[in-house]
Protein chains: 2
Amino acid sequence: MAVYTEVSDDALNAFLDLYDLGDVVSFKGIAEGVENSNFLLRTSRGQFILTLYEKRVNADDLPFFVGLMEHLAERGVTCPQPVRNRAGEALGRLAGRPAAIVTFLDGIWIRRPNVRHCGAVGEALARMHLAGADFPLRRANALSLDGWPPLLHAAEEGADSVAPLLREQTAAELTLLQARWPVGLPGGVIHADLFNDNVFFLGERLSGLIDFYFACNDAFAYDLAVCLNAWCFEPDNSFNVSKGQALISAYERVRRLDGAEVAALPILARGAALRFMLTRLVDWLNVPPGAKVAPKNPLEYRDKLRFHQHVRSAADYGLMR
Amino acid sequence: MAVYTEVSDDALNAFLDLYDLGDVVSFKGIAEGVENSNFLLRTSRGQFILTLYEKRVNADDLPFFVGLMEHLAERGVTCPQPVRNRAGEALGRLAGRPAAIVTFLDGIWIRRPNVRHCGAVGEALARMHLAGADFPLRRANALSLDGWPPLLHAAEEGADSVAPLLREQTAAELTLLQARWPVGLPGGVIHADLFNDNVFFLGERLSGLIDFYFACNDAFAYDLAVCLNAWCFEPDNSFNVSKGQALISAYERVRRLDGAEVAALPILARGAALRFMLTRLVDWLNVPPGAKVAPKNPLEYRDKLRFHQHVRSAADYGLMR
């Protein structure tokens with residue numbers, strides 16, 4: 001998250017005056033994530049996260065995100081809970097930004113997940129998919145098929161400076177995905193960004209999910225494909241099929257994939273790898289002066305994409321049928 | 001502080017196994033400061049700060065810093081307390097860095113200090129000077145007079161790209177300070193970096209001092225001169241004499257300045273301004289690729305230095321005699 005926006009004492013106090021949270025005991029910027037400014041806020045009433053939504057988040061989407069966290073928590077998915085102020089509002093403004101306070105979630109994110117962590121993530125993902133079924137708001141996935149050509153366009157000029165032939169290879173992959181992208185798969189609310197740093201554990205018990213700011217309506221199996229990319233590769237970008245098996249089988253114990261989803265999984269995994277390669281590539285080529293976050297290497301996802309290109313069926317990911 | 005070093009799960013657990021701190025409940029990087037990597041660590045036993053000392057901190061100095069925090073706290077100065085492991089050690093190694101755990105200090109740092117905050121800082125500074133009197137270890141001030149020529153040398157080439165004539169003006173100031181720098185002033189352990197973000201308040205009550213990683217042996221009045229620079233200027237770099245008066249008079253209620261200190265204060269304030277201008281200038285000209293911390297503007301201290309150059313005596317800072 002890093003901290004992009006300074007919050008003055010007066011502004012913080014005026015904002016907190018709208019809430020029943022008692023006196024401020026501690027207020028510290030958090031050095032994780034990349035999209036928003038996040039502060040750990042401790043008051044006489046407990047521990048909270050205060051988020052300022054920076055420009056990459058569309059303010060019109062905030063009711064979706066905030067409503068979703070409330071909806072999921074009511075259905076047993078442990079995630080941060082928006083705190084409403086005395087006027088009953090979960091969203092306000094602070095330091096010129098939309099802002100919200102959410103409850104603090106215990107747990108740490110796992111830097112080196114093992115097979116058991118992957119299983120826990122698969123189960124939690126499926127439970128989230130079921131819990132979101134009756135959520136009434138909708139949000140399109142801005143970073144799916146239609147969102148990729150503009151990203152490629154933005155990165156086109158610099159792509160080959162990152163790796164030889166990267167522009168051409170990426171364009172070819174995009175063309176293939178446009179021809180083969182599945183439609184009509186079972187879908188609903190997906191997390192769309194369930195990376196390691198968005199899943200908390202206490203020991204090996206999964207203690208909650210955070211960061212719903214890419215959540216949207218899309219195919220459930222695409223969310224699983226994102227998790228295969230995020231959780232089941234080793235640091236050298238080799239695929240660990242035991243982790244894939246643990247992730248998929250735990251998912252299926254809660255929500256079984258249908259035949260169309262199984263058939264589509266390799267293409268969805270390619271799409272998910274391309275999506276993260278493209279956003280990372282754009283960020284990599286556009287590091288602003290004074291940037292507070294080191295960009296992530298896009299080539300990690302180029303390598304993962306290459307693996308998916310050689311996958312023959314979902315069995316290669318560890319699916320047991 | 002930002003986070004320069006990733007800590008793996010296994011490494012963290014192995015490190016914490018040496019301590020009696022119970023189970024980890026939360027572990028988050030903190031986005032403040034610039035020198036070290038700091039993490040907020042919550043365990044079943046309480047809240048702590050885990051610090052990895054990065055390369056700008058000399059490992060040989062760590063026993064001084066850690067010992068000083070223990071020494072000051074025993075004498076009533078509220079500051080983080082090093083936590084010793086089961087072997088009685090306050091310093092260990094984690095992720096290839098020297099590392100320590102200290103207690104968490106409640107409070108927030110003040111973005112826009114008022115006159116009362118300045119008074120509280122003056123009093124705390126004087127109490128710290130008295131409390132450090134019998135601290136047995138010694139550490140030279142590496143960023144005093146002898147440390148400035150190498151900094152100027154490092155910044156010489158790029159200085160005029162930051163502001164016209166900056167190189168020449170800085171060299172002239174250094175020459176003047178070398179001729180007039182006071183010797184033999186009352187001294188002892190000083191904080192040497194008591195900026196806003198190193199002083200915590202709960203409401204208007206000062207709740208503690210942090211970040212002793214520039215602490216050293218030097219003239220007490222130099223520490224006061226650092227605070228005049230850090231606390232008594234407005235955002236437009238104009239000097240607020242009411243704040244200066246509050247700072248100095250509160251300091252003197254605990255420890256009265258002698259005649260030599262009063263006479264030296266304007267020169268010490270110039271030296272302090274030059275010290276922060278030089279380190280900021282070097283950082284400004286050497287932002288590494290992928291830097292996680294935006295460099296601070298050196299010209300803030302050029303402007304403060306200009307004010308000090310026109311000061312006639314300590315009375316201009318608000319000293320009442």
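The numbers attached to residues start from 1 for each chain and follow its sequence in the written order. The order in which chains are written sets their letters, starting at A; the order in which ligands are written sets their numbers, starting at 1. Confidence filtering applies because this is a predicted model: local features only for residues at pLDDT of at least 70, side-chain atom pairs given and counted only at 80 or more, and all residues used for totals across whole chains, interfaces and linings.

A. Up close: the overall build of chain A. In terms of regular secondary structure, chain A is built from nine helices and ten strands. Its C-alpha radius of gyration of 20 Å places chain A within 12% of the 20 Å reference for a compact globule of 321 residues. With respect to the principal axes defined by its C-alpha atoms, chain A has extents near 60 × 45 × 35 Å. For chain A, the proportion of its 321 residues judged to be buried stands at 43%. Here, residue contact means that the backbone-derived C-beta atoms of the two residues sit within 7 Å. Taking the contacts inside chain A whose residues are at least 6 apart along the sequence as the reference set, 73% of them involve residues at least 24 apart. Strands are runs of DSSP state E lasting at least 2 residues, helices are runs of H or I lasting at least 4, and numbering of each runs from the N terminus. Taken over C-alpha atoms, the radius of gyration is set against a globule rule of 2.2 Å times the number of residues to the power 0.38. To sort residues by burial, count the other C-beta atoms lying within 10 Å of each one's C-beta; a count of 20 or more means buried, 12 or fewer means exposed, and anything in between means partly exposed. C-beta atoms are built from the backbone.

B. View of the relation of the copies chain A and chain B. Superposing chain A onto chain B takes a rotation of 180 degrees plus a shift of 0.0 Å along the axis, which leaves an RMSD of 0.0 Å. Both copies are brought into coincidence by an operation consistent with a two-fold rotation axis. Of all interface residues in chain A, 100% are interface residues in chain B too; the two copies therefore contact each other through one and the same surface. Alignment of copies: least-squares fit on C-alpha atoms of residues with pLDDT of at least 70 in both copies.

C. Expanded view of the pairing of strand 5 (residues 97–103) of chain A. Residues and elements named next belong to chain A. Pairing between strands is defined by DSSP: at least two bridges between them are needed. Judged from the five bridges that link them, strand 3 (residues 46–52) and strand 5 form a sheet pairing that is antiparallel. Paired with Leu-50 across the strands is Ile-101, a residue of strand 5. What sits between the antiparallel neighbours strand 4 (residues 92–94) and strand 5 is a turn of two residues, in which Ala-95 has the positive phi angle 55 degrees.

D. Structural context of the packing of helix 6 (residues 220–231) of chain B against helix 8 (residues 259–285) of chain B. All names here are of chain B. Where helix 6 contacts helix 8, the axes come no closer than 8 Å and their chain directions differ by 60 degrees. By the angle class used here, helix 6 and helix 8 are oblique. Regarding helix 6 and helix 8, the two cross each other, and that crossing is right-handed. Contacts between helix 6 and helix 8 involve Ala-221, Tyr-222, Ala-225, Val-226, Leu-228 and Asn-229 on the former and, on the latter, Glu-261, Ala-264, Leu-265, Leu-268, Ala-269, Ala-272, Ala-273 and Phe-276. Each residue receives one of three labels: charged for Asp, Glu, Lys and Arg, nonpolar for Ala, Val, Leu, Ile, Met, Phe, Trp, Tyr, Cys and Pro, and polar for the others, Gly being one of them. Here the residues of the contact of helix 6 with helix 8 sort into twelve nonpolar, one polar and one charged. To define axes, lines are fitted to C-alpha atoms, for helices over the stretch in contact only, and angles between the resulting N-to-C directions are given on a 0 to 180 degree scale. Geometric relationships in this document are graded by angle, where less than 35 degrees denotes roughly parallel, more than 145 denotes roughly antiparallel, 65 to 115 denotes roughly perpendicular, and other angles denote oblique. Less than a right angle of anticlockwise turn of the near helix away from the far helix marks a crossing as left-handed, whereas a clockwise turn marks it as right-handed.

E. Geometry of the domain arrangement of chain A. All names here are of chain A. Residue ranges for the domains originate in an automatic or database domain assignment. Entries for chain A in the domain assignment read domain 1 (9–104) and domain 2 (109–317). For domain 1 and domain 2, the distance between their C-alpha centres works out to 27 Å. Each partner contributes to the interface: domain 1 provides 20 residues, whereas domain 2 provides 18 residues. Of the residues that constitute the side of domain 1 that touches domain 2, the class distribution is eleven nonpolar, five polar and four charged.

F. Up close: the sheet that holds strand 9 (residues 205–209) of chain A. All names here are of chain A. Strands sit in the order 6-8-9 across an open sheet of three strands; the sheet is antiparallel. Looking along the sheet, the strands with just one partner apiece sit at the ends: strand 6 (108–109) and strand 9. With two bridges joining them, strand 6 and strand 8 (residues 199–202) adopt antiparallel strand pairing. Within strand 8, the position partnered with Ile-108 by the bridge is Phe-201. Most of the contacts of helix 3 (residues 115–131) go to strand 9, to which it runs at about 40 degrees, and overall it touches strand 8 and strand 9.

G. Representation of the interface of chain A and chain B in the model. With 27 residues of chain A at the contact, the number on the chain B side is 27 residues. Among the elements that line the side of chain A that touches chain B, the one with the most residues is strand 1 (residues 24–29) of chain A, at six residues. Taken together, the residues that form the side of chain A that touches chain B break down as 13 nonpolar, five polar and nine charged.

H. Layout of the confidence of the model for chain A. The pLDDT averaged across chain A works out to 94; a share of 97% of its residues lies at or above 70. Model confidence for the complex: the whole-complex pTM is 0.84, and ipTM, which rates the interface, is 0.78. Scored between 0 and 100, pLDDT is the confidence that the predictor attaches to each residue.

I. Examining helix 4 (residues 148–162) of chain B more closely. All names here are of chain B. Given a helix with a known number of residues, its expected span is that number minus one, times 1.5 Å. In this model, helix 4 (15 residues) spans only 18 Å end to end at C-alpha, well below the 21 Å of a helix rising 1.5 Å per residue. What the bend at a residue measures is the angle between two axes, fitted to the seven residues ending there and to the seven starting there. Along its length, helix 4 shows its largest kink, about 65 degrees, at Glu-156. Looking only at helix 4, the buried set comprises Trp-148, Leu-151, Ala-155 and Ala-159. Buried-residue contacts for helix 4 involve helix 5 (166–180) and helix 8.

J. The sheet that holds strand 1 of chain A, seen in detail. Residue and element names in this part refer to chain A. Taken together, the five strands give an open sheet; going across it, the order is 1-2-3-5-4, and neighbouring strands pair in antiparallel fashion. Strands at the two margins of the open sheet, each flanked by one partner only, are strand 1 and strand 4. Taken pair by pair, the neighbouring strands of this sheet meet at an average axis angle of 35 degrees, ignoring direction. Pairing analysis gives seven bridges linking strand 2 (residues 37–43) to strand 3, with the strands arranged antiparallel. Residue Leu-40 lies in a different strand from strand 3, and its bridge partner there is Ile-49. Sheet strands touched by helix 1 (residues 9–16): strand 1, strand 4 and strand 5. Its angle to strand 4, the strand with the most contacts, is close to 165 degrees.

K. Summary view of the nonpolar core. To count as a nonpolar core, a set of buried Ala, Val, Leu, Ile, Met, Phe, Trp, Tyr and Cys residues must be joined through C-beta atoms within 7 Å. With 181 residues, the main nonpolar core has A:Val121 and B:Val121 as its most contacted residues. With residues up to four places along the chain from it excluded, the contact list for B:Val121 reads B:Leu194, B:Val199, B:Leu206, B:Cys227, B:Trp231 and B:Leu247.

L. Representation of unusual backbone geometry. In the Ramachandran plot, A:Asn237 falls in the positive-phi region, its phi being about 65 degrees despite a non-glycine side chain. Relative to the assigned elements, A:Asn237 resides in the loop between helix 6 (220–231) and helix 7 (241–254). One non-glycine residue, B:Asp211, adopts positive backbone phi at about 60 degrees. Note on placement: B:Asp211 falls in the loop between strand 9 (205–209) and strand 10 (216–219). For B:Asp211, a count of 23 C-beta atoms within 10 Å gives the class buried.

M. Focus on the pairing of strand 2 (residues 37–43) of chain B. Residues and elements named next belong to chain B. Among the seven residues of strand 2, six are classified as buried, and the element is accordingly described as predominantly covered. As defined by bridge partners, strand 1 (residues 24–29) adjoins strand 2 across five bridges and the pair is classed as antiparallel. Opposite Val-24, over in strand 2, you have Thr-43 as the bridge partner. Hairpin connection of strand 2 to strand 3 (residues 46–52): two residues between the antiparallel strands.

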